[in-house]
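Observations on the three-dimensional arrangement
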Amino acid sequence: MAAGKKTIIFDLDGTLIDSLEDIAVCMNKVLEELNLPIHKIDDYKYFVGSGVDVLVENALKGHSLEIKNEVLKRFKKEYDQKLHENTKPYEGIYELLDELKKLNYNLAVLSNKPHDFTVQYVDYLFKDYGFKEVHGQKVEVPRKPHPIGAIAIAEALNVPCEEVFFVGDTLVDMKTAKSANMKAIGVLWGFRDEKELNEHGADFIVKHPLDILEIVKK
């Protein structure tokens, strides 16, 4: 396959958008309704990243499957159906996307957030940036860190995997990048720390969104 256009796949939550407060508030509301213990917002940094089922599992360790299923159902109802007012792009993300758009790079999103919701957020917050492929969690596709979603994006854009940059904030994203044979960029403004990113294969670590520009332009 010939070298294609520069391509960057972004994770969504913790990478492009800061959604932690809204996720925590919605989950705590459901837990309170059911007289279950709630959690601090910071705790949710370690609960998220692997999809809503794992979020519920992490928030309800030691509880029965019946309770977990009830919380899952209520959380989806509480969280879905609306875009949340506290969920916004991180500082510097729009500046980064402005520069990448000028360079005419392929931009894509791969998230473990449910697919419909992923598309809604990208349409709402990033509609001016021409993201070519936007994929959230779908029943029929294994979630990250399985590489199939990332590889499918590269194939759809006709770009070899080894030339694609994969940007994310957790070990799930670094593992996805490595499994897909992509270049892994770990970001420090998200939900996890530098140690986790390095231990799971980050090729680059960045402290500010515009630092990504310097890496991908080389």
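Here's a quick rundown of the structure. Since the structure is predicted, the reported quantities are computational estimates derived from the model, not experimental observations.

**Remarks on the packing of aromatic side chains**
Within the structure shown, the criterion is met by eight aromatic pairs. Between Tyr44 and Phe47, the aromatic rings sit 5.2 Å apart at their centres with planes inclined by 70°, giving edge-to-face as the arrangement. Given a relative accessible area of 13%, Phe47 falls into the buried group. Here Phe75 and Tyr79 contribute two aromatic rings whose centre-to-centre distance is 5.4 Å and whose plane-to-plane angle is 15°, an arrangement assigned as stacked. With Phe75 and Tyr79 both in helix 3 (residues 65-79) and four residues apart, the pair spans about one turn of that helix. The pair formed by Phe75 and Tyr79 is uniform in burial state, with each residue classed as buried. Of the aromatic side chains, those joined through ring pairs into one cluster are Phe10, Tyr94, Phe126, Tyr129 and Phe131. Positioned above the aromatic ring of Tyr129, the side-chain terminus of Lys101 is 5.9 Å from the ring centre.

**Observations concerning helix 1 (residues 20-33)**
Look at helix 1: 20 Å from first C-alpha to last across 14 residues, which is about the 20 Å you get at 1.5 Å a residue. Taken together, the buried positions of helix 1 are Leu20, Asp22, Ile23, Ala24, Cys26, Met27, Asn28, Val30 and Leu31. Looking at the buried side of helix 1, the elements it contacts are strand 2 (17-18), helix 2 (52-59), helix 3 and strand 4 (106-114). Remark: Asn35 follows helix 1 within two positions and exhibits a positive phi of approximately 55°.

**What about the packing of helix 2 against helix 3?**
For the pair helix 2 and helix 3, the least separation of the axes is 10 Å and the interaxial angle reads 125°. With respect to their mutual orientation, helix 2 and helix 3 come out oblique. Crossing handedness for the pair helix 2 and helix 3: right-handed. Note on element contacts: helix 3 touches helix 2 through Lys68, Val71, Leu72, Phe75 and Lys76, opposite Val52, Asp53, Leu55, Val56 and Glu57. Residues of the contact of helix 2 with helix 3, tallied by class, amount to six nonpolar, no polar and four charged.

**Quick notes on the side chain of Arg192**
As for its placement among the helices and strands, Arg192 is situated in the loop between strand 7 (183-187) and helix 8 (194-199). Looking at Arg192, the relative accessible area reads 12%, which means it is buried. Within the structure, the side chain of Arg192 is placed 2.8 Å from the backbone oxygen of Lys45, a separation counted as a polar contact. One polar contact links the side chain of Arg192 to the main-chain carbonyl oxygen of Val48, over a distance of 3.0 Å. Apart from the residues within four sequence positions on either side, Arg192 is in contact with Lys45, Tyr46, Val48, Asp169, Thr170 and Leu171.

**Comments concerning the environment of Lys61**
Structurally, Lys61 is set in the loop between helix 2 and helix 3. According to the relative accessible area criterion, Lys61 is exposed, its value standing at 60%.

**Description of the sheet that holds strand 5 (residues 133-137)**
The strand order 5-4-1-6-7-8 describes an open sheet built from six strands, whose pairing is parallel. Each end of this open sheet is capped by a strand with a single partner; those strands are strand 5 and strand 8 (204-206). Each neighbouring strand pair of the sheet contributes to a mean axis angle of 20°, computed without reference to strand direction. Alignment of strand 7 against strand 8, held across three bridges, turns out to be parallel. Each residue of the ladder has a partner; that of Gly186, found in strand 8, is Ile205. Each of strand 4 and strand 5 is contacted by helix 5 (residues 115-125), which is oriented at about 135° to strand 4, the strand it contacts most.

**Quick notes on the layout of surface pockets**
Roughly 330 Å³ of volume is contained in the largest pocket. If you tally residues by element for the lining of the largest pocket, the top one is strand 4, at four residues. By volume, the second largest pocket is sized at about 160 Å³. In this structure, the second largest pocket is lined by 16 residues; those nearest its centre are Leu110, His135, Gly136, Val141 and Gly149.

Thresholds, definitions, all that
Residues numbered from 1 in each chain as written. Predicted model: local features only at pLDDT ≥ 70, side-chain atom pairs only at ≥ 80, totals over all residues. Heavy atoms only, no water. Phe/Tyr/Trp six-rings, centres within 6.5 Å; stacked < 30°, edge-to-face > 60°. Buried < 20%, exposed > 50% of the residue type's maximum accessible area, 1.4 Å probe, protein only. Helix = DSSP H or I, 4+ residues; strand = E, 2+ residues; numbered from the N terminus. Lys NZ or Arg CZ within 6 Å of the ring centre and 35° of its normal. Expected span 1.5 Å × (residues − 1). Contact = heavy atoms within 4.5 Å. Axes fitted to C-alpha atoms, helices over the stretch in contact; angles between N-to-C directions. Parallel < 35°, antiparallel > 145°, perpendicular 65-115°, else oblique. Left-handed = near helix turned anticlockwise from the far one by under 90°. Nonpolar A, V, L, I, M, F, W, Y, C, P; charged D, E, K, R; others polar. Polar contact = N/O pair within 3.5 Å; in protein donor to acceptor, adjacent residues only side chain to side chain. Pairing = 2+ DSSP bridges. 1 Å grid on protein atoms, 1.4 Å probe; cavity = no way out; pocket = protein on both sides within 12 Å on 5 of 7 lines; lining within 4 Å. Points joined across faces, edges and corners; volume = space filled by probe spheres on them.

Treat this as a map of the structure, not an account of what it does.
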